[in-house]
Amino acid sequence: ALHLDDEILKGTLHAALYAGRLRHPDLQSMSLFRESLKVVLASEHRLARCGELEASQLVDEPVVWLTRAADPQRYDSFMALCSSLSYRPKIVREVRTLPECLEFARAGAGITFLPSFMRTKEIGYGVTFLSLPALYAEYGLAYRRGAMSRDLARFVKFAQESSIVPLDECVK
């Protein structure tokens, strides 16, 4: 699996956009935007008719989620966010991609959590997307400290100036 922090530190990448949070003393990172995560479950699921959920309603629910190796930043950020909500996902199946999470949820193998941008008419068949307040994905930009070229500095400035409107406000 590609670990963005390693690639930036090696100099293979000058910068990277990522989901989650990168934390390394030799990396500079900035948050660009947050997007709500939706609880996704089979349309026949007992919670499918709820409009909004609370973390306590999910305690005993089997969860399909990404393996940490597939996306360490996203995984760690998601687990930290769940912990802050006093919720520990009961992961019964680990997969490598978000589309796999969706398909296992559609098959009734468990619930999953997907960024709101994945909610489309085509994808929504057989699944229900529900809200859980305070559940979100954070997206950011990271680059190596002290390795700022003129082009990278221009890109970072552009990213800072462009991150004013959260994605959620654009895709409602």
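Our structure is the block above this text.
Quick caveat, the model's predicted, so the values are computed rather than measured.

A. Quick peek at the overall build of the protein chain. Scanning the protein chain for helices and strands turns up five helices and six strands. Traced from its N-terminal end to its C-terminal end, the protein chain shows the element sequence α-β-β-β-α-β-α-β-β-α-α. Whereas a compact globule of 172 residues would reach a radius of gyration of roughly 16 Å, the protein chain reaches 17 Å, a difference of no more than 12%. Principal axes of the C-alpha set define a box for the protein chain whose edges measure 55 × 30 × 30 Å. Counting across all 172 residues of the protein chain, residues that qualify as buried make up 41%. Here the analysis covers contacts within the protein chain between residues at least 6 apart in sequence; of these, 73% occur between residues at least 24 apart. For the protein chain, the accessible surface area stands at approximately 9800 Å², while carbon and sulfur atoms represent 51% of it. Averaging the positions of the 22 positive and the 21 negative side-chain charges in the protein chain gives two centres separated by 2 Å.

B. Inspection of helix H2 (residues 72-84) at higher detail. Relative to the 18 Å expected for 13 residues at 1.5 Å per residue, H2 spans 18 Å between its end C-alpha atoms, a close match to the ideal helical length. Listed in full, the buried residues belonging to H2 are Pro72, Gln73, Arg74, Tyr75, Phe78, Leu81 and Cys82.

C. Summary view of the side chain of Asp71. Structurally, Asp71 can be placed in the loop between strand S3 (62-66) and H2. Engagement of the side chain of Asp71 in a polar contact is seen with the backbone nitrogen of Arg74, the distance being 3.2 Å.

D. View of the pattern of salt bridges. With the rule as written, the count across this model stands at seven salt bridges. For the salt bridge of Glu61 with Arg46, the shortest nitrogen-to-oxygen distance reads 2.6 Å. On the criterion of sequence distance, the pair formed by Glu61 in the loop between strand S2 (27-42) and S3 and Arg46 in the loop between S2 and S3 is long-range, its members being 15 residues apart. Overall, the relative accessible area of 7% leaves Glu61 in the buried class. The salt bridge involving Asp151 is made with Arg154; its shortest N-O contact spans 3.3 Å. Residue Asp151 and its partner Arg154 are located together in helix H4 (residues 150-162), separated by three residues, close to a single helical turn. Overall, Asp151 belongs to the exposed group, its relative accessible area being 51%. With a relative accessible area of 56%, Arg154 lands in the exposed category.

E. Structural view of the nonpolar core. The biggest cluster of nonpolar side chains holds 35 residues, and the ones touching the most others in it are Val39, Leu58, Trp65, Tyr87, Ile111, Phe113 and Leu114. With seven residues, strand S6 (residues 127-144) is the single largest residue contributor to this core. The contacts of Leu58, once residues within four sequence positions are left out, are Val39, Leu47, Leu53, Tyr87, Ile111, Phe113 and Leu132.

F. Expanded view of the sheet that holds strand S1 (residues 15-19). On the basis of which strands lie adjacent, the open sheet formed by four strands has the order S1-S6-S2-S5 and antiparallel pairing. The sheet terminates laterally at S1 and strand S5 (112-115), the two strands that pair on one side only. Recorded for the sheet is a direction-independent mean angle of 30 degrees between the axes of neighbouring strands. Where S1 and S6 come together, five bridges link them in antiparallel fashion. The residue bridging Ala16 from the neighbouring strand is Ala142, located in S6. Where H2 meets the sheet, its contacts fall on S1, S2, S5 and S6, and the angle it forms with S6 comes to roughly 130 degrees.

G. Representation of the side chain of Glu35 in the model. For Glu35, the location among the structural elements is in strand S2. It turns out Glu35 is buried and unbridged, and the closest side chain with the opposite charge, Arg74, is 7.1 Å from it. Here Ser116 takes part through its side chain, which lies 3.0 Å from a polar atom of the side chain of Glu35.

Rules and cut-offs
Residues numbered from 1 in each chain as written. Predicted model: local features only at pLDDT ≥ 70, side-chain atom pairs only at ≥ 80, totals over all residues. Heavy atoms only, no water. Helix = DSSP H or I, 4+ residues; strand = E, 2+ residues; numbered from the N terminus. Rg over C-alpha atoms; globule rule 2.2 N^0.38 Å. Buried < 20%, exposed > 50% of the residue type's maximum accessible area, 1.4 Å probe, protein only. Contact = heavy atoms within 4.5 Å. Areas by Shrake-Rupley, 256 points an atom, 1.4 Å probe, with all protein chains shown as cover. Lys, Arg positive; Asp, Glu negative; His and termini not counted. Charge placed at Lys NZ, Arg CZ, Asp CG, Glu CD. Expected span 1.5 Å × (residues − 1). Polar contact = N/O pair within 3.5 Å; in protein donor to acceptor, adjacent residues only side chain to side chain. Salt bridge = Lys/Arg side-chain N within 4 Å of Asp/Glu carboxyl O. Core = buried A, V, L, I, M, F, W, Y, C linked by side-chain atoms within 4.5 Å. Pairing = 2+ DSSP bridges. Axes fitted to C-alpha atoms, helices over the stretch in contact; angles between N-to-C directions.

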